[in-house]
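# Analysis of the macromolecular model
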Number of protein chains: 2
Amino acid sequence: MTRPTPLALKPRKSPSQARSTATVEAIHTATIQLLLTDGVARLTTTRVAERAGVSVGTMYQYYPHKEALLFALVTAQLEAIAAAMENAAADLTGRSLCAISDGIAAAWLDAKTADIVGSRAIYGIAAEFDIVEMTRERSVQMIDAIETLLTTASDAVVARPREVAFMLLAVMGGSVRTVLERGARDEELEVLRAELPLVCRQYLAVSAHPLAARSDAEELTRV
Amino acid sequence: MTRPTPLALKPRKSPSQARSTATVEAIHTATIQLLLTDGVARLTTTRVAERAGVSVGTMYQYYPHKEALLFALVTAQLEAIAAAMENAAADLTGRSLCAISDGIAAAWLDAKTADIVGSRAIYGIAAEFDIVEMTRERSVQMIDAIETLLTTASDAVVARPREVAFMLLAVMGGSVRTVLERGARDEELEVLRAELPLVCRQYLAVSAHPLAARSDAEELTRV
DNA sequence: ACCTGAACACCGTTCAAGT
DNA sequence: ACCTGAACACCGTTCAAGT
């Protein structure tokens, strides 16, 4: 419970800040744990405080209300994922359409899967409040990134890249969510990991015109 | 508010049963309305009862607890969708892979979209309790139906039909959910309606071997 | 600067009493 | 057979008091 105070060297405010940082972290951790074991419905401010080893009043010093606490969790998770996707987009710029597709799918799967525990906890609260609103903002940002990325493909030009980026995100996000919400069973995760890249690649292929004219160009458009 | 009592001709118990039916329906409606305007978080047994024009006690005569009320809503909605999908499957048996794919996607979109209001209300509670469990059962049923359907395709044989059916459902379910949860905006629904069938068709094509050997068989497998 | 916990309004659920 | 609503335990949130 007592932890070293890593910020202790800093001036005046430091010791107290280190304590409060620990407090916030404890609250964060306690919330995730309770969310996983008991679900949103049974998540109680009293219980969070108890588990975190602080009093309710303390919790309300950092979060104006329970929603804010949940909101903070979702934000942290979404930010991590958005960052991962933007990194992936940077790495994939100018590659072939297949490479881009596989790269995006892998990055998404990795990001969501890296913190299955957190992801699952968060799906339970994602439908609440203004959280939907915030989710929208973040995802617009990701759509932008993917749209831009698509236009850089070296071997094809994607028609209506914005719609395609939107659809890609909906398909990836939705299918992963479905599997994680069902309990993230290994067998189902395996299927997802094997099939999702295929889904993306095929969809991208049909949405693009190859750059070099080829006699079998049809192959890349509709079946 | 007063409604004709359609079962009034029936013997003894009828009038009272008609009354209770009306009560249950009023509660159901009130719940959906409140869910849509205020969200799950603000859904209160008191408020539901008030809106439905009955007392709290009455509500507890039909639903042992609040969860049960929500559970009933989800069940009704899921049952309607499962039925729609099974109908579609029956109609599509023995058709071409393309026809099957388009048919499934259309049926799914129609079923979810027919009751956008209900669908949205329900996403908000889908993560709760044993509801996840029930969802699983229903979806196994739908996976079965689609798997069977896939094996009847007239012009191709689908490899690993169960995995493909699972993935199809995850992709359709997830992407539609994403769009509805974001507020079911017309522009986004339009994109979904245009692109989802493509996603499905391409994925199915790559997962199947054509039945008649053709020189350009490659076209139907990986790009 | 940060923490505590009793106090208050409100919610889920029950049950004795009504028709 | 169905309905009512006061009553109880518990939750979210506040705030005066502590260190």
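Let me sum up the structure you'll find in this document.

Calculation criteria
- Residues numbered from 1 in each chain as written.
- Chains lettered and ligands numbered in written order.
- Predicted model: local features only at pLDDT ≥ 70, side-chain atom pairs only at ≥ 80, totals over all residues.
- Heavy atoms only, no water.
- Near = heavy atom within 4 Å.
- Polar contact = N/O pair within 3.5 Å; in protein donor to acceptor, adjacent residues only side chain to side chain.
- Helix = DSSP H or I, 4+ residues; strand = E, 2+ residues; numbered from the N terminus.
- Nonpolar A, V, L, I, M, F, W, Y, C, P; charged D, E, K, R; others polar.
- Axes fitted to C-alpha atoms, helices over the stretch in contact; angles between N-to-C directions.
- Parallel < 35°, antiparallel > 145°, perpendicular 65-115°, else oblique.
- Contact = heavy atoms within 4.5 Å.
- Buried area = accessible area lost by both parts, 1.4 Å probe.
- Salt bridge = Lys/Arg side-chain N within 4 Å of Asp/Glu carboxyl O.
- Buried < 20%, exposed > 50% of the residue type's maximum accessible area, 1.4 Å probe, protein only.

## Structural notes on the protein's contact with DNA strand D
Around DNA strand D sit 23 residues, and of these A:Thr45, A:Tyr60, B:Thr23, B:Ser55 and B:Tyr62 come closest. Here the atoms of DNA strand D within 4 Å of the protein split so that 73% fall in sugar or phosphate, with bases taking the remainder. Note that a phosphate oxygen of DNA strand D is positioned 2.7 Å from one of the backbone N or O atoms of B:Ser55. One nitrogen or oxygen atom from the side chain of B:Tyr62 is found 2.7 Å from a phosphate oxygen belonging to DNA strand D. Of all elements in the fold, only helix H2 (45-52) and helix H3 (56-62) of chain A together with helix H1 (14-38) and helix H3 (56-62) of chain B reach the threshold of two or more residues within the surface near DNA strand D. Grouping the amino acids of the surface near DNA strand D by side-chain chemistry returns six nonpolar, 13 polar and four charged.

## Section: the packing of helix H9 (residues 186-206) of chain A against helix H8 (residues 161-181) of chain B
Across the interface, H9(A) lies against H8(B) with an axial gap of 10 Å and an inter-helix angle of 75°. By the criterion of interaxial angle, the relationship of H9(A) to H8(B) is roughly perpendicular. Residues A:Glu188, A:Val191, A:Leu192, A:Glu195, A:Leu196 and A:Val199 of H9(A) lie in contact with H8(B), whose contacting residues are B:Glu163, B:Phe166, B:Met167 and B:Val171. The residue inventory of the contact of H9(A) with H8(B), partitioned by class, reads seven nonpolar, no polar and three charged.

## Considering the interface of chain B and chain A
With 44 residues of chain B at the contact, the number on the chain A side is 43 residues. Summed over both partners, the interface of chain B with chain A buries about 4,200 Å², with 62% contributed by carbon and sulfur atoms. Along the contact surface separating chain B from chain A lie six salt bridges. Of all the secondary structure elements, the ones that give two or more residues to the side of chain B that touches chain A are helix H7 (131-151), H8 and helix H9 (186-206) of chain B. For the side of chain B that touches chain A, the per-class residue count stands at 23 nonpolar, eight polar and 13 charged.

## Quick look at the pattern of salt bridges
Counted under the stated rule, the structure contains 18 salt bridges over all chains. Note that A:Glu147 is salt-bridged to A:Arg162, the shortest N-O span being 2.8 Å. Here A:Arg162 lies in helix H8 (residues 161-181) and A:Glu147 lies in helix H7 (residues 131-151), a separation of 15 residues in the sequence. Given a relative accessible area of 34%, A:Arg162 falls into the partly exposed group. For B:Asp102, the salt bridge is made with B:Arg201, and the minimal N-O distance between the two is 3.2 Å. One end of the pair, B:Asp102, is in helix H5 (residues 97-114); the other, B:Arg201, is in helix H9, with 99 residues separating them in the sequence. Overall, the relative accessible area of 27% leaves B:Asp102 in the partly exposed class. Look at the salt bridges and you will find they share partners, linking A:Arg177, A:Glu181, B:Arg177 and B:Glu181 into a network.

## Quick look at the protein's contact with DNA strand C
Around DNA strand C, 22 residues are found, and the nearest of them are A:Thr23, A:Ser55, A:Tyr62, B:Thr45 and B:Tyr60. Expressed as a percentage, the sugar and phosphate content of the atoms of DNA strand C within 4 Å of the protein is 71%. Within the side chain of A:Tyr62, one N or O atom sits 2.7 Å away from a phosphate oxygen of DNA strand C. Separating a phosphate oxygen of DNA strand C from a backbone N or O atom of B:Leu43 is a distance of 3.3 Å. Residue classes in the surface near DNA strand C are distributed as six nonpolar, 13 polar and three charged.

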